[in-house]
Amino acid sequence: MSDFTNTLPHGDLIERLAVLAQNSTVIDSSFYEQHDVKRGLRDSNGKGVVVGLTEISEIISQKKDADGNSVPCEGELYYRGIPIEDIVRGFIDEKRFGFEEVTYLLLFGKLPTAGELKAFSELMSSMRSLPISFVRDIIMKRPSVDMMNVLARCVLTLYAYDDNPDDVSIPNVLRQCLQLTAQMPLLSVYGYQVFKHYHDEESLIIHRPDRTLGTAENILHLLRPDGAYTALEAKILDLCLVLHAEHGGGNNSSFTTHVVTSSGTDTYSTVAASLGSLKGPRHGGANIKVVRMIDDMKNNLDSYSDTEIRNYLMRLLNREAFDRKGLIYGMGHAVYSISDPRAKILKSFVGLLAKEKGLEEDYTLYSKIERLAPEVIADKRRIYKGVSANIDFYSGFVYNMLGLPPELFTPIFAVSRMSGWSAHRIEELSNNGKIIRPAYNAVAERIPYVRLADRH
Ligand SMILES: CC(C)(COP(=O)(O)OP(=O)(O)OC[C@H]1O[C@@H](n2cnc3c(N)ncnc32)[C@H](O)[C@@H]1OP(=O)(O)O)[C@@H](O)C(=O)NCCC(=O)NCCS
């Protein structure tokens, strides 16, 4: 594939202009405090600035003590007021999949009856197809190395296949959201198969979705050359989809959904913007980093003793190992402190999968890192609210064990989060919110205009 930007003339000029652009936009960091600006829309203690109300989900990481002070507590997550643990226990105990049920819950605010769930799952299945020749004309036309880019481009292109794309009435938006939720697994996996074909010269495999299967099973079916998977693999992938489906209106991509929806634009533009947000390594990309960090660790350790692991973790923090960013990936969270409930739930199933895959030694390594990393971080950094393993610590390991390629880690997050974005888009539209338009203080000096002939 040719790289157009490398063929651009005037590379030197661009370099010099880039320095100019950067130098002309650096703002003195002390100004932020002076102007009382909440950078990243967060208080100095990390708490988000309140910018809206939502009924879709709730995250709790602090509680009041007897004196009324906020103190860190075990993390809690509620979808539409129901604890995530109870939701998971419900569908696991009844030996069925949970993603379609949770999508229904997030969108419609109530758990479906058996009849409602069946009808909803059938509706989703009936929508799980792409327009005729879409794979050939759109996905195969210009393969991309990044499947999030494929997703965003395909979503925008689907606008052109919609007879009623700009109608933001709730029935029309709901139809579009459900359709995109059903189509997202196809776009992700087909994008990956096309990339493997053109980039890595592998055979091109385009399986058709199976109408009798739900979202998790279809992902595995579409991805595997023989379409086969075990019951445990499907169950754990479904669990990952449930746990990634929603995380409050303040997470970067859901807030993007609110911001873009509030301008009155169409569903395709909104979802493409949210995909762009999720693509960022500070948001959806952490689980890939976890897997790569642990691969590097395995290559550099002589044994999995506590001392060796601790030393490696210390080298990570000292920017001496892996990507030298000073981070232990999969640890810490902007909101959670003592624990991330999603990580706890996922961990309880990871051991089973590791056993099925014969990867118990890796599981032991992950468990040791989970125990030692918070201690090492607490030694080296100023911790206000506690650091613990987050969901990405185990989801990367799970995806690896499922044989999912790293290229699909973030797209699978997107497949799942599409249900949360849909609920937030409908919530924003239903409440006739004002266009979201915060303020920026201008801190540049006023200077006089100079005529061209007089400039030096
Ligand atoms: C998610 C994250 C950005 C939250 O950062 P935060 O809001 O600053 O969290 P805290 O307030 O608890 O951090 C307190 C201190 O510990 C540090 N810290 C937190 N998690 C850390 C980690 N995983 N590795 C190294 N240092 C970490 C922070 O940098 C901060 O130190 P500083 O004040 O010197 O900058 C951060 O934990 C992180 O980068 N984690 C690794 C990436 C990751 O797994 N992301 C997925 C999140 S679901």
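Because the structure is a prediction, the values reported are computed rather than measured.

## A short note on the overall build of the protein chain
Then, in step 1: On a plain count of helices and strands, the protein chain comes out with 18 helices and three strands.
Then, in step 2: Relative to a compact globule of 456 residues, whose C-alpha radius of gyration would be 23 Å, the protein chain shows 24 Å and is just as compact.
Then, in step 3: Taken over the C-alpha atoms alone, the protein chain extends approximately 75 × 60 × 55 Å along its principal axes.
Then, in step 4: Here the protein chain holds 456 residues, and the buried ones make up 39% of them.
Then, in step 5: For the protein chain, the share of sequence-separated contacts (at least 6 apart) that also reach a separation of at least 24 residues comes to 73%.

## Topic: the packing of helix α8 (residues 170-200) against helix α9 (residues 215-223)
Then, in step 1: In the contact formed by α8 and α9, the axes pass within 10 Å of each other and the chain directions differ by 20 degrees. The orientation of α8 relative to α9 falls into the category roughly parallel. By crossing handedness, the relation of α8 to α9 is classed as right-handed. The segment α8 lies against α9, with Pro185, Leu186 and Val189 engaging Thr215, Asn218, Ile219, Leu222 and Leu223.
Then, in step 2: Of the residues belonging to the contact of α8 with α9, the class tally is six nonpolar, two polar and no charged.

## Topic: the environment of Ser416
Then, in step 1: Relative to the elements of secondary structure, Ser416 occurs in helix α18 (residues 409-430).
Then, in step 2: Accessibility expressed as a C-beta count within 10 Å gives 26 for Ser416, which makes it buried.
Then, in step 3: Sequence separation of Ser416 and Leu241 is 175 residues, and the distance between their C-alpha atoms is 4.9 Å.
Then, in step 4: When residues no more than four places from it in sequence are discounted, the contact partners of Ser416 are Leu241, His244 and Ala245.

## As for the pairing of strand β2 (residues 70-79)
Then, in step 1: The sheet contact formed by strand β1 (residues 57-64) and β2 spans seven bridges and is antiparallel. Residue pairing across strands places Ser57 opposite Tyr79, the latter belonging to β2.
Then, in step 2: Hairpin connection from β1 to β2: five residues lie between these consecutive antiparallel strands, with Gly68 at a positive phi of about 85 degrees.
Then, in step 3: Direction of pairing for β2 relative to strand β3 (residues 82-83): antiparallel, over a ladder of two bridges. Bridged to Tyr79 within β3 is Ile82.
Then, in step 4: Connecting β2 to the next strand, β3, in antiparallel fashion are two residues, including Arg80 with a positive phi near 50 degrees.

## Re the environment of Ala373
Then, in step 1: Along the chain, Ala373 falls in helix α16 (residues 360-380).
Then, in step 2: Sequence-distant contacts of Ala373, that is, excluding residues within four places in its chain, are made with Leu313, Ile328 and Met331.

## Examining the domain arrangement of the protein chain
Then, in step 1: We note that the domain assignment places domain 1 (97-283 + 407-430) and domain 2 (286-401) within the protein chain.
Then, in step 2: Put simply, the middle of domain 1 and the middle of domain 2, counted by C-alpha atoms, are 28 Å apart.
Then, in step 3: Taken together, the contacts link six residues of domain 1 with 14 residues of domain 2.
Then, in step 4: No other element matches the five residues that helix α10 (residues 231-244) contributes to the side of domain 1 that touches domain 2.
Then, in step 5: Class assignment for the residues of the side of domain 1 that touches domain 2 results in six nonpolar, no polar and no charged.

## Brief notes about the UniProt feature "active site" (unreviewed entry) in the protein chain
Then, in step 1: UniProt's entry tags His333 and Asp392 with the feature "active site" (unreviewed entry), counted in the numbering of this structure. Of the residues just listed, which span 60 residues, no C-alpha pair is farther apart than 10.1 Å, and they cluster in one region.
Then, in step 2: Relative to the helices and strands, His333 is located in the loop between α14 (306-317) and α15 (341-356).
Then, in step 3: Apart from residues no more than four positions distant in its own chain, His333 is found in contact with Asp340 and Asn390.
Then, in step 4: Note that Asp392 resides in helix α17 (residues 391-401).
Then, in step 5: A tally of 27 C-beta atoms within 10 Å means that Asp392 is categorised as buried.
Then, in step 6: Every residue in contact with Asp392, bar those within four places of it in the chain, is listed here: Ala286, Asn287, Val290 and Gly330.

## With respect to unusual backbone geometry
Then, in step 1: The backbone phi angle of Arg80 is positive, close to 50 degrees, even though this residue is not glycine.
Then, in step 2: Among the secondary structure elements, Arg80 is positioned in the loop between β2 and β3.
Then, in step 3: Take Arg80: there are 19 C-beta atoms within 10 Å of it, and that puts it in the partly exposed class.

## Let's talk about helix α1 (residues 11-23)
Then, in step 1: Its 13 residues place the ends of α1 19 Å apart at the C-alpha level, agreeing with the 18 Å of an ideal helix rising 1.5 Å per residue.
Then, in step 2: Across the 13 residues of α1, zero count as buried, placing the element largely on the outside.

## Digging into the packing of helix α7 (residues 147-158) against α8
Then, in step 1: One way to put it is that α7 packs onto α8 with a least axis distance of 9 Å and a crossing angle of 130 degrees. Relative to α8, the element α7 is oriented oblique. The way α7 lies across α8 gives a crossing that is right-handed. Across the interface between the two elements, Met147, Val150, Leu151, Cys154 and Val155 of α7 pack against Leu180, Met184, Leu187, Ser188, Gly191 and Tyr192 of α8.
Then, in step 2: For the contact of α7 with α8, the class distribution of residues is nine nonpolar, two polar and no charged.

## Things to note about the sheet that holds β1
Within a sheet, each strand pairs with its neighbour through backbone hydrogen bonds, oriented either parallel or antiparallel.
Then, in step 1: Overall, antiparallel pairing links the three strands, which are arranged β1-β2-β3 in an open sheet. The open sheet terminates on both sides in strands that have one partner only, identified here as β1 and β3.

## Brief notes about the nonpolar core
Soluble globular proteins: nonpolar side chains tend toward being buried together.
Then, in step 1: By size, the foremost hydrophobic cluster in this structure holds 108 residues, and its most contacted members are Leu151, Val155, Leu237, Leu275, Leu346, Val398 and Ala414.
Then, in step 2: In terms of residue count, α8 provides more of this core than any other element does, 13 residues in total.
Then, in step 3: Both domains that furnish three or more residues to this core are identified here as domain 1 (97-283 + 407-430) and domain 2 (286-401).

Calculation criteria
- Residues numbered from 1 in each chain as written.
- Predicted model: local features only at pLDDT ≥ 70, side-chain atom pairs only at ≥ 80, totals over all residues.
- Helix = DSSP H or I, 4+ residues; strand = E, 2+ residues; numbered from the N terminus.
- Rg over C-alpha atoms; globule rule 2.2 N^0.38 Å.
- Buried ≥ 20, exposed ≤ 12 C-beta atoms within 10 Å, placed from the backbone.
- Contact = placed C-beta atoms within 7 Å.
- Axes fitted to C-alpha atoms, helices over the stretch in contact; angles between N-to-C directions.
- Parallel < 35°, antiparallel > 145°, perpendicular 65-115°, else oblique.
- Left-handed = near helix turned anticlockwise from the far one by under 90°.
- Nonpolar A, V, L, I, M, F, W, Y, C, P; charged D, E, K, R; others polar.
- Pairing = 2+ DSSP bridges.
- Domains from an automatic or database assignment.
- UniProt positions renumbered as here; feature names shortened; annotations may be inferred.
- Expected span 1.5 Å × (residues − 1).
- Core = buried A, V, L, I, M, F, W, Y, C linked by C-beta atoms within 7 Å.

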